[in-house]
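The residues making up each chain are set out below.
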Amino acid sequence: MPAPANPVQQAAMTDFIRGLPKAELHLHIEGSLEPELMLELARRNGISLPYQSIEEIRRAYAFTNLQSFLDIYYRGAGVLVHERDFYDMTWAYLKRAQADGVRHVELFFDPQTHTDRGIAFETVVTGIDRALQDGREQLGMSSGLILCFLRHLSATAAMETLEQALPFKDKLIAVGLDSSEVGHPPEKFAEVFDRARREGFLTVAHAGEEGPPEYIWGALDVLKVSRIDHGVRCVEDPRLVQRLRAGRVPLTVCPLSNVKLCVFSCLEEHNLKHLLNLGLCATVNSDDPAYFGGYITDNLVAVQQALSLDRESISQLARNAFEAAFLSREQKQTYLDELEQYLSTYSAFGPR
Ligand code: ADE
Ligand code: ZN
């Protein structure tokens, strides 16, 4: 257990973390749907949910593993029907992220969760994209959209989804892979990822969340990903750690998610500090904040406390995220300069 920080120092650290310019790189937009908006959309769209109140929804969020979460998460996403619903959900996230100091976000969406219910791909992508455009214009927040294939569904279904996405290529920066990991190795999607890369998409994949290090190797070697989402199980394979370190392959780590889904028994047991000490390009993200009890600042504050991370480690996490972002060299440098400016002002005037 970390030594309890004195409350004044802890408040200063929390302020420091909240004010840090941030990039969020692992955020499922459907996982940002707060219970309040879920109930409102269910009412608006005449959809019945198995919950009568916000308290009942929150009580249902007691997960034992990834699958127990996904079952509830896909059900929650069923309230999204119209373009405006996708807009409202995305806009709500962007405003919340702005309050957390997020300057740049790359968010995932799961089109198959919606197209399999008869919602048009265009409805989904247009609603999210319109909010992202408003985020650029009204909040000054840059963003990118990543289409995730659901790995529990077939490779053929993923290829059909990619084909549906091609007319909207200008709105997408990358493709990814999410949903039930174990039993669905990256190799299953080799062909669809090959095609996506030929079409000009960057690639990422969830790997090593619940699945073994072999899935991280598969994501790197077969799907040719630029980042690994989660990746916390890489530490079980020293050769893999070496590969990730040498290639500076970013890991988008989600500490509160990992505890909620029982990947680690508690935050004190989380291996984030170890990943940093191994010299890996780890970043901190919120995954599905409405389900896991916290946005990006909450994740950083919680992990800072649980692992007694110092200011330098927190600063490094923020730098890593801008380095790992799908931005041009110039855009990255602009954000990194802003970050260094914040750090130097803070260390000159802020509380120690
Ligand atoms: N979809 C939403 N959150 C996810 C997670 N943590 N892992 C896999 N798929 C997901
Ligand atoms: Zn995720």
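The rules behind these values
Residues numbered from 1 in each chain as written. Chains lettered and ligands numbered in written order. Predicted model: local features only at pLDDT ≥ 70, side-chain atom pairs only at ≥ 80, totals over all residues. Heavy atoms only, no water. Near = heavy atom within 4 Å. Polar contact = N/O pair within 3.5 Å; in protein donor to acceptor, adjacent residues only side chain to side chain. Areas by Shrake-Rupley, 256 points an atom, 1.4 Å probe, with all protein chains shown as cover. UniProt positions renumbered as here; feature names shortened; annotations may be inferred. Helix = DSSP H or I, 4+ residues; strand = E, 2+ residues; numbered from the N terminus. Buried < 20%, exposed > 50% of the residue type's maximum accessible area, 1.4 Å probe, protein only. Pairing = 2+ DSSP bridges. Right-handed = clockwise from strand over helix to strand, strands pointing away. Donors = N, O, S within 2.8 Å, 3.2 Å for Na, K, Ca; no water. Tetrahedral: all angles 85-135°; square planar, octahedral: opposite > 155°, others 65-115°. Axes fitted to C-alpha atoms, helices over the stretch in contact; angles between N-to-C directions. Contact = heavy atoms within 4.5 Å.

### Considerations on the site of ligand 1
Every residue lining ligand 1 is accounted for by His28, Leu66, Phe69, Leu70, Tyr73, Asp178, Ser179, His206, Glu209, His230, Asp287 and Asp288. Here a nitrogen atom of ligand 1 and a side-chain polar atom of Glu209 are 2.8 Å apart. Asp288 places a polar side-chain atom, nitrogen or oxygen, 2.7 Å from a nitrogen atom of ligand 1. Within the complex, the protein chains bury 100% of what would otherwise be the 260 Å² of accessible surface of ligand 1.

### Topic: the UniProt feature "site: Important for catalytic activity" (unreviewed entry) in the chain
The positions that UniProt labels "site: Important for catalytic activity" (unreviewed entry) are, in the present scheme, His230. Its place among the elements puts His230 in strand β6 (residues 227-230). You can call His230 buried: its relative accessible area is 0%. Separated by 3.2 Å, the side chains of His230 and Glu209 make a polar contact.

### Here's the deal with the pairing of β6
Strand direction decides the pairing type here: strand β5 (residues 202-207) and β6, joined by 4 bridges, are parallel. Bridge pairing in β6 places His206 opposite Asp229. Note that the unit made of β5, helix α10 (residues 213-221) and β6 has a crossover that is right-handed. Pairing between β6 and strand β7 (residues 251-253): 2 bridges, direction parallel. By the bridge assignment for β7, Asp229 is matched with Thr252. What joins β6 to β7 is helix α11 (residues 238-246), and the crossover it makes is right-handed.

### Re unusual backbone geometry
The residue His230 is not glycine, and still its phi comes out positive at about 80°. Even without glycine at this site, Ser308 takes up a positive phi of about 50°. Position of Ser308 relative to the elements: it lies in the loop between α15 (296-307) and α16 (311-324). We classify Ser308 as partly exposed; its relative accessible area is 38%.

### Some words on the coordination of the zinc ion (ligand 2)
The protein atoms that coordinate the zinc ion (ligand 2) are His26 (NE2), His28 (NE2), His206 (NE2) and Asp287 (OD), at distances of 2.0 to 2.3 Å. Geometry at the zinc ion (ligand 2) is irregular, judged from the 4 donor atoms that bind it and their angles of 82 to 174° at the metal. In the primary structure, the donors to the zinc ion (ligand 2) are separated according to the pattern H-x1-H-x177-H-x80-D. Of the two residues, His28 sits in strand β1 (residues 22-28) while His206 sits in strand β5, which places them 178 residues apart along the sequence.

### Some thoughts on the sheet that holds β7
In sheet architecture, strand pairing relies on hydrogen bonds along the backbone and comes in two forms, parallel and antiparallel. Taken in spatial order, the 8 strands make up an open sheet running β1-β2-β3-β4-β5-β6-β7-β8, and their pairing is parallel. Looking at the sheet topology across the chains shown, the edges are occupied by β1 and β8 (282-284). For this sheet, the mean angle separating the axes of adjacent strands, direction not counted, is 25°. Of the strands in this sheet, β1 and β2 (102-109) touch helix α5 (residues 83-99), which is tilted by about 145° from β2.

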